Amino acid sequence: MKKLLCSILLLVLLTGCVVTKNISLATDDLRNMRSKTIAVVSRDNSNMALKTPLHAAMLGGALVYFDMIRQGNNIVRDNNIEDPSILMAKKLRDDLAKYYNLKIISDLEPKKVSTYNVNKISDLYRGVADYVIDVRTLNWELSYVAMDISNYAIVYSSQLKLIDVANSKVIAENLCSFRPYNKYRKDTILADDAKILKQELVGASDVCSKLLKDTSLGLSNSSIKGNEQ
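Chains are numbered independently. Their residues run from 1 in the order of the written sequence. Totals for whole chains, interfaces and linings use all residues, but because this is a predicted model, local features are given only for residues with pLDDT of at least 70 and pairs of side-chain atoms are given and counted only at 80 or more. As a rule here, side-chain values cover all heavy atoms of the structure and leave hydrogens and water aside.

### A short note on the pattern of salt bridges
Here comes step 1: Here, a salt bridge means any Lys or Arg side-chain nitrogen found within 4 Å of an Asp or Glu carboxyl oxygen. A full pass over the atoms with the stated rule returns ten salt bridges.
Here comes step 2: Here Asp-94 and Arg-93 are joined by a salt bridge, their closest N and O atoms 3.0 Å apart.
Here comes step 3: In this scheme, a residue with accessible area under 20% of its type's maximum is buried, one over 50% is exposed, and one in between is partly exposed, where area comes from a 1.4 Å probe on protein chains only. Residue Asp-94 is classed as partly exposed on the basis of its relative accessible area of 35%.
Here comes step 4: For Asp-123, the salt bridge identified is with Arg-126, shortest N-O distance 2.6 Å.
Here comes step 5: For Arg-126, a relative accessible area of 37% puts it in the partly exposed group.

If you want it as structure tokens, here you go:
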């Protein structure tokens, strides 16, 4: 109970107070990355929320957030849903490895990281990989549509950090927020083991991955051509 209450407080803080710097990979960092190693920071699923018209009518408060997260996490557990940040991190890792000739370190003992402190993350991965991709979900939510309360849509936001482990330094950082236009009745989006919900979340991870590639990681088409010359 105490852990879940702390998680609820963290969710409220993250959705309103996360400060993200817009840092793009510098030319020197790009040169230094070539032929090095890269890994993905492993985290547990973030708490997912389900927001219904009833929750909105109750005008917030700890008990409302508690119930939103409880119901959201039940959907994740019952339908074996993967946090989109995991998909994003792997996609971005693979693209970086392809274009900068990095070796992927994937045969690690899966150690779950709970800290967001760059120095502590670097300490955990020092001697394991030269660089780590840390993508964390700030908010993932299945929410009723304000002007059409019989339908639901997803809300998703995440933060990327690419960390130079040896120097405990963030060399790329950005934020992605995604709210698609697709909307469905609740029973439809959760039918067949939440098949449509999973598709929507994969779509969110695809869009955010492309945004972060283009804006922060030097992987837009023009920059790739320039780097390959």
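Don't stop here, the text continues.
### Side note on the nonpolar core
Here comes step 1: Throughout this description, the term nonpolar core refers to a set of buried Ala, Val, Leu, Ile, Met, Phe, Trp, Tyr and Cys residues connected via side-chain atoms within 4.5 Å. One finds Leu-25, Leu-96, Ile-133, Leu-142, Leu-162, Leu-197 and Leu-217 to be the most contacted residues of the largest nonpolar core, which totals 42 residues.
Here comes step 2: In terms of residue count, helix 8 (residues 191-216) provides more of this core than any other element does, seven residues in total.
Here comes step 3: Should any heavy atoms of two residues lie within 4.5 Å, those residues are counted as being in contact. Discounting residues that sit within four places of it in the chain, Ile-133 has contacts with Ile-38, Ala-39, Val-40, Val-41, Ala-89, Leu-92, Arg-93, Leu-96, Leu-160, Lys-161 and Leu-162. Labels follow the DSSP assignment, with helices taken as runs of H or I lasting at least four residues and strands as runs of E lasting at least two, numbered in each case from the N terminus.

### Describing helix 4 (residues 62-79)
Note on helix geometry: an α-helix contains 3.6 residues per turn, so any two residues three or four positions apart are oriented the same way.
Here comes step 1: By definition here, a helix of n residues has an expected span of 1.5 Å times n minus one. The end-to-end C-alpha distance of helix 4 is 26 Å, a good match for the 26 Å that 18 residues give at a rise of 1.5 Å each.
Here comes step 2: Those residues of helix 4 that fall on the buried side of the exposure criterion are Val-64, Phe-66, Met-68, Ile-69, Gly-72, Ile-75, Val-76 and Asn-79.
Here comes step 3: Of the residues trailing helix 4, Asn-80 is marked for its positive phi of about 55 degrees.

### Brief notes about unusual backbone geometry
Here comes step 1: One non-glycine residue with positive phi stands out, namely Asp-192, at about 55 degrees.
Here comes step 2: In this structure, Asp-192 sits in helix 8.
Here comes step 3: A positive phi is found at Asp-193, a non-glycine position, where the angle reads about 60 degrees.
Here comes step 4: By the secondary structure assignment, Asp-193 is in helix 8.

### As for the state of the cysteines
Here comes step 1: Any pair of cysteine sulfurs within 2.5 Å is marked as a disulfide. Summed over the entire model, instances satisfying the criterion amount to one disulfide.
Here comes step 2: What pairs with Cys-176 in a disulfide is Cys-208, and their sulfur atoms sit 2.1 Å apart. Disulfide Cys-176-Cys-208: the torsion about the S-S bond is -75 degrees, which places it as left-handed. With Cys-176 in strand 6 (residues 169-178) and Cys-208 in helix 8, the pair connects residues that are 32 residues apart, well separated along the chain.

### Looking at the packing of aromatic side chains
Each aromatic ring pair is characterised by the separation of its centres together with the angle its planes make.
Here comes step 1: Pairing of aromatic rings covers Phe, Tyr and Trp, the last counted by its six-membered ring, and requires centre-to-centre distances within 6.5 Å; plane angles under 30 degrees mean stacked, over 60 mean edge-to-face, and any other angle means tilted. Taken as a whole and assessed by the stated rule, the structure comprises zero aromatic pairs.
Here comes step 2: Residue placement shows Arg-136 over the ring face of Tyr-116; its charged tip is 4.0 Å from the ring centre. The rule is short: NZ of Lys or CZ of Arg within 6 Å of the ring centre and within 35 degrees of the ring normal puts a charge over the ring.

### A short note on the environment of Lys-210
Here comes step 1: Relative to the helices and strands, Lys-210 is located in helix 8.
Here comes step 2: Judged by its relative accessible area of 52%, Lys-210 is exposed.
Here comes step 3: Between the C-alpha atoms of Lys-210 and Ser-220, which are ten residues apart in sequence, the distance is 8.5 Å.

### Considerations on the packing of helix 5 (residues 84-100) against helix 8
Here comes step 1: Taken N-terminus to C-terminus, the directions of helix 5 and helix 8 make an angle of 40 degrees; their axes are 9 Å apart at the nearest point. One way to sum up the angle between helix 5 and helix 8 is to call them oblique. Judged by the twist between their axes, the crossing of helix 5 over helix 8 is right-handed. Between helix 5 and helix 8, the residues in contact are Pro-84, Leu-87, Met-88, Lys-91, Leu-92 and Asp-95 and Leu-201, Val-202, Ser-205, Asp-206, Cys-208, Ser-209, Leu-212 and Lys-213, respectively.
Here comes step 2: Side-chain classes are defined by residue name, with Ala, Val, Leu, Ile, Met, Phe, Trp, Tyr, Cys and Pro counting as nonpolar, Asp, Glu, Lys and Arg as charged, and the others, Gly among them, as polar. Tallied by class, the residues present in the contact of helix 5 with helix 8 amount to eight nonpolar, two polar and four charged. Axis angles are defined between N-to-C directions and span 0 to 180 degrees, where every axis is a line fitted to C-alpha atoms and, for a helix, only to the segment in contact. Convention used here: angles under 35 degrees read as roughly parallel, angles over 145 as roughly antiparallel, angles from 65 to 115 as roughly perpendicular, and any remaining angle as oblique. Crossings are assigned a handedness: left-handed for a near helix turned anticlockwise from the far helix by less than a right angle, right-handed for a clockwise turn.

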